[in-house]
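Spelled out from the first residue to the last, the chains are:
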Amino acid sequence: MKNILVAGALGAIIGSTQASAADFECSADSLMKHVGEQTQQIEAYIASSDDPQQTQQELASMARGLRENGRVSNHDEEMKKLASGADFQPSQSFCDDMQTTMSAIQSYMESHPH
């Protein structure tokens, strides 16, 4: 649950864990796996920062910007299902937008090292 809350806070609206289109299976289990892996990276990135709260806010702002700029859509209902652990088949749009968000977060962390 903590993993989904972190991802949700970062705009969800991952690198050795970054999924390519070929290996990013569009299923709730796959999304949970990738979100969990990236959450560990995000937590380590924030923890290594001189100002963890500011770093978390910057990541959240960057992720929110994806939605505000139209790069990803609002998938609140599917995110709620994922966060609850429900067994459901996510839409391809949700999977694509999760992958876009996770890739953008990874790129941000790589281009803003501590």
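Higher on the page you've got the structure.
Residues numbered from 1 in each chain as written. Predicted model: local features only at pLDDT ≥ 70, side-chain atom pairs only at ≥ 80, totals over all residues. Heavy atoms only, no water.

Participant: Can you walk me through helix H3 (residues 52–68) in this structure?
Facilitator: Turn by turn, an α-helix covers 3.6 residues, leaving residues three or four places apart pointing in a common direction. Over its 17 residues, H3 runs 24 Å from end to end, which matches the ideal 24 Å to within 8%, given 1.5 Å per residue. Residues of H3 that are buried: Thr 55, Leu 59, Ala 60, Ala 63, Gly 65 and Leu 66. Looking one or two places after H3, you find Gly 70, whose phi comes out positive at around 80°. (Helix = DSSP H or I, 4+ residues; strand = E, 2+ residues; numbered from the N terminus. Expected span 1.5 Å × (residues − 1). Buried < 20%, exposed > 50% of the residue type's maximum accessible area, 1.4 Å probe, protein only.)

Participant: What am I meant to see in helix H5 (residues 92–111) here?
Facilitator: Helix length check: H5, at 20 residues, gives a terminal C-alpha distance of 28 Å against a target of 28 Å (1.5 Å per residue), a fit within 8%. Lining the buried residues of H5 we find helix H2 (28–47), H3 and helix H4 (76–84). (Contact = heavy atoms within 4.5 Å.)

Participant: Explanation requested: the pattern of salt bridges in the structure shown.
Facilitator: Any two side chains of opposite charge can pair if their charged atoms end up close together. Applying the stated criterion across every chain, the model contains 3 salt bridges. A salt bridge links Glu 37 to Lys 33; the shortest N-O distance between them is 3.4 Å. Of this pair, Glu 37 and Lys 33 both sit in helix H2, 4 residues apart, roughly one helical turn. A salt bridge links Glu 77 to Lys 80; the nearest nitrogen and oxygen atoms lie 3.6 Å apart. Linking Glu 77 with Lys 80, this pair stays in helix H4, spanning 3 residues, or about one helical turn. (Salt bridge = Lys/Arg side-chain N within 4 Å of Asp/Glu carboxyl O.)

Participant: How should the environment of His 114 be read in this particular structure?
Facilitator: Here His 114 shows up in the segment after H5. As a C-alpha pair, His 114 and Tyr 45 span 69 residues in sequence and 7.9 Å in three-dimensional space. Excluding residues that lie within four positions of it along the chain, His 114 makes contacts with Tyr 45, Ser 48, Ser 49 and Thr 55.

Participant: I'm lost on the state of the cysteines in this one. Help?
Facilitator: A covalent bond between the sulfur atoms of two cysteines is referred to as a disulfide. Tallying each qualifying case throughout the model produces 1 disulfide. The residue that forms a disulfide with Cys 26 is Cys 95, at a sulfur-sulfur distance of 2.1 Å. Of note, the bridge from Cys 26 to Cys 95 carries an S-S torsion of about 85° and is right-handed in sense. Linking Cys 26 in the loop between helix H1 (2–9) and H2 with Cys 95 in helix H5, this pair joins segments that are 69 residues apart in sequence. Each of the two residues, Cys 26 as well as Cys 95, counts as buried. (Disulfide = S-S within 2.5 Å.)

Participant: It is not clear to me how the packing of H2 against H3 should be interpreted in this structure. Could you clarify?
Facilitator: Between two packed helices, the angle of one axis relative to the other and the distance separating the axes together describe the packing. Here H2 crosses H3 at 135°, and the two axes come no closer than 8 Å. The orientation of H2 with respect to H3, classified from their angle, is oblique. Residues Ile 42, Tyr 45 and Ile 46 of H2 form the contact with H3, whose participating residues are Pro 52, Thr 55, Gln 56 and Leu 59. Taken together, the residues of the contact of H2 with H3 sort by class into 5 nonpolar, 2 polar and no charged. (Axes fitted to C-alpha atoms, helices over the stretch in contact; angles between N-to-C directions. Parallel < 35°, antiparallel > 145°, perpendicular 65-115°, else oblique. Nonpolar A, V, L, I, M, F, W, Y, C, P; charged D, E, K, R; others polar.)

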